[in-house]
Amino acid sequence: MSKRLHNRLDRLEKPAGPDLSQSDRLLLVSILGRRDALFWPWRWQIGIQPPMTEIRRRQREYLSGVSGVAVHADGKRQWKNSHSARQRLIGAKMVTATHSSGQVTSMFLTPLGEAYARSLVGGLETVESALPVIQALRMLSEATSVAAVRESVLFNRDCVGNPEDWSHLTELVLPFLTSGMVTCHSDTQGRIAYTPQEVEPPAAIAVDVAVDPEADRVYFDGYESERNALETAEPRGPTEVFIPLPATGWGWPCYYPGCLDEEI
């Protein structure tokens, strides 16, 4: 058997992983950070009022496949490089895309792309790792017939003060928000409530990817950039009105026994 034929057979027996460069992988991580920024809970309150009608519209568009993470590139050379990187990600089935006039206008992470990007960053929650939170949320919603479950009830703690103090718990809900399995709403005091939806979980994908030391910075740069842009986004429906949940009157106690375990 010739060496050339042997090499061809060897490649068939051992499928190669996606042929992505370092810049391709970091672009994928940036897309993940920007997508997560869209769905991370937005707290509406007096004096802090993000454009919720536009944000919720963009969330719906992402989940329905109408419009994903927008892509931009300045300059001819940068545009060409960005175009090639996007095409490689599409070819590797890491993302899907919407097109206009033959050009990619926005992108959506596939289950493979999301698993790959999260593995590059490391330490990010997935649907599988955060399964107890969706089980607790559904239990609370069904047991009490209250659709919107306060975060303090779900997390079994007094969520007062700086939300960063319980952001590690909010991270548990994020995979369900980005997949449409859970929606969230804010009351007039900036407190979040979660509602489970009848949506099937995304396919679980196992990837063998080492954590990239650069990925953490790229993820949070993408997150912060998108978050800042969304805070000043112009609503496309000027007649739409965001109605926050009432601050009182939900009938919830401060805590509810049987939700998330304390160690979570």
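Residues numbered from 1 in each chain as written. Predicted model: local features only at pLDDT ≥ 70, side-chain atom pairs only at ≥ 80, totals over all residues. Heavy atoms only, no water.

Novice: Residues and numbers for helix 3 (residues 52-64), please.
Specialist: Across its 13 residues, helix 3 extends 18 Å between first and last C-alpha, which sits within 8% of the 18 Å expected from 1.5 Å per residue. For helix 3, every residue scored as buried is listed here: Met52, Thr53, Glu54, Ile55, Gln59, Glu61 and Tyr62. Downstream of helix 3 by one or two residues, Gly65 has phi in the positive range, about 85°. (Helix = DSSP H or I, 4+ residues; strand = E, 2+ residues; numbered from the N terminus. Expected span 1.5 Å × (residues − 1). Buried < 20%, exposed > 50% of the residue type's maximum accessible area, 1.4 Å probe, protein only.)

Novice: Break down the packing of aromatic side chains for me, citing the residues and quoting the values.
Specialist: Counted according to the given criterion, the structure contains 5 aromatic pairs. Both rings, one in Tyr219 and one in Phe220, keep their centres 5.0 Å apart while their planes meet at 90°; by these two values the pair is edge-to-face. In this structure, Arg227 is placed above the aromatic ring of Trp42, and the distance from its NZ or CZ to the ring centre is 3.5 Å. (Phe/Tyr/Trp six-rings, centres within 6.5 Å; stacked < 30°, edge-to-face > 60°. Lys NZ or Arg CZ within 6 Å of the ring centre and 35° of its normal.)

Novice: Describe unusual backbone geometry, with residues and values.
Specialist: In this structure, Lys93 is a non-glycine residue whose phi angle is positive, near 60°. Along the chain, Lys93 falls in the loop between helix 4 (76-91) and strand 2 (95-100). For Ser101, which is not glycine, the phi dihedral falls at a positive 55°. Within the secondary structure, Ser101 is located in the loop between strand 2 and strand 3 (103-109).

Novice: Which residues make up the packing of helix 2 (residues 22-39) against helix 9 (residues 215-231), and what are the values?
Specialist: Two elements in contact, helix 2 and helix 9, have axes whose closest approach is 7 Å; the angle formed by their N-to-C orientations is 40°. In this view, helix 2 runs oblique relative to helix 9, as classed from their interaxial angle. Between helix 2 and helix 9 lies a crossing whose hand is right-handed. Counting all contacts with helix 2, which are made through Leu26, Val29, Ser30, Leu32, Gly33, Arg34, Asp36, Ala37 and Leu38, the residues of helix 9 involved are Ala215, Val218, Tyr219, Gly222, Tyr223, Glu226, Arg227 and Leu230. (Axes fitted to C-alpha atoms, helices over the stretch in contact; angles between N-to-C directions. Parallel < 35°, antiparallel > 145°, perpendicular 65-115°, else oblique. Left-handed = near helix turned anticlockwise from the far one by under 90°. Contact = heavy atoms within 4.5 Å.)

Novice: Could you give an account of the side chain of Asp36, with specific residues and numbers?
Specialist: Tracing the sequence through the fold places Asp36 in helix 2. Dropping the residues within four chain positions of it, Asp36 is found in contact with Arg118, Leu174, Thr178, Tyr219 and Tyr223.

Novice: If you had to explain the side chain of Arg118 to someone new, which residues and values would you point to?
Specialist: Its location among the elements puts Arg118 in helix 5 (residues 111-121). When near neighbours in sequence (up to four residues on either side) are disregarded, Arg118 contacts Leu32, Arg35, Asp36, Leu124, Glu125 and Thr126.

Novice: Give me the layout of surface pockets: which residues, what numbers.
Specialist: One number sums up the size of the largest pocket: a volume of about 640 Å³. Along the walls of the largest pocket sit 27 residues, with Trp40, Pro41, Glu164, Tyr223 and Arg227 positioned nearest its centre. Put simply, the parts of the chain that give the lining of the largest pocket at least two residues each are helix 8 (167-178) and helix 9. In terms of residue count, the dominant contributor to the lining of the largest pocket is helix 9 (7 residues). In this structure, the second largest pocket spans a volume of roughly 540 Å³. Looking at the second largest pocket, it is lined by 27 residues, and the ones nearest its centre are Thr110, Pro111, Glu114, Pro202 and Ala203. Counting only elements with at least two residues in the lining of the second largest pocket, the list comes to helix 3, strand 3, helix 5 and helix 8. In terms of residue count, the dominant contributor to the lining of the second largest pocket is helix 5 (5 residues). (1 Å grid on protein atoms, 1.4 Å probe; cavity = no way out; pocket = protein on both sides within 12 Å on 5 of 7 lines; lining within 4 Å. Points joined across faces, edges and corners; volume = space filled by probe spheres on them.)

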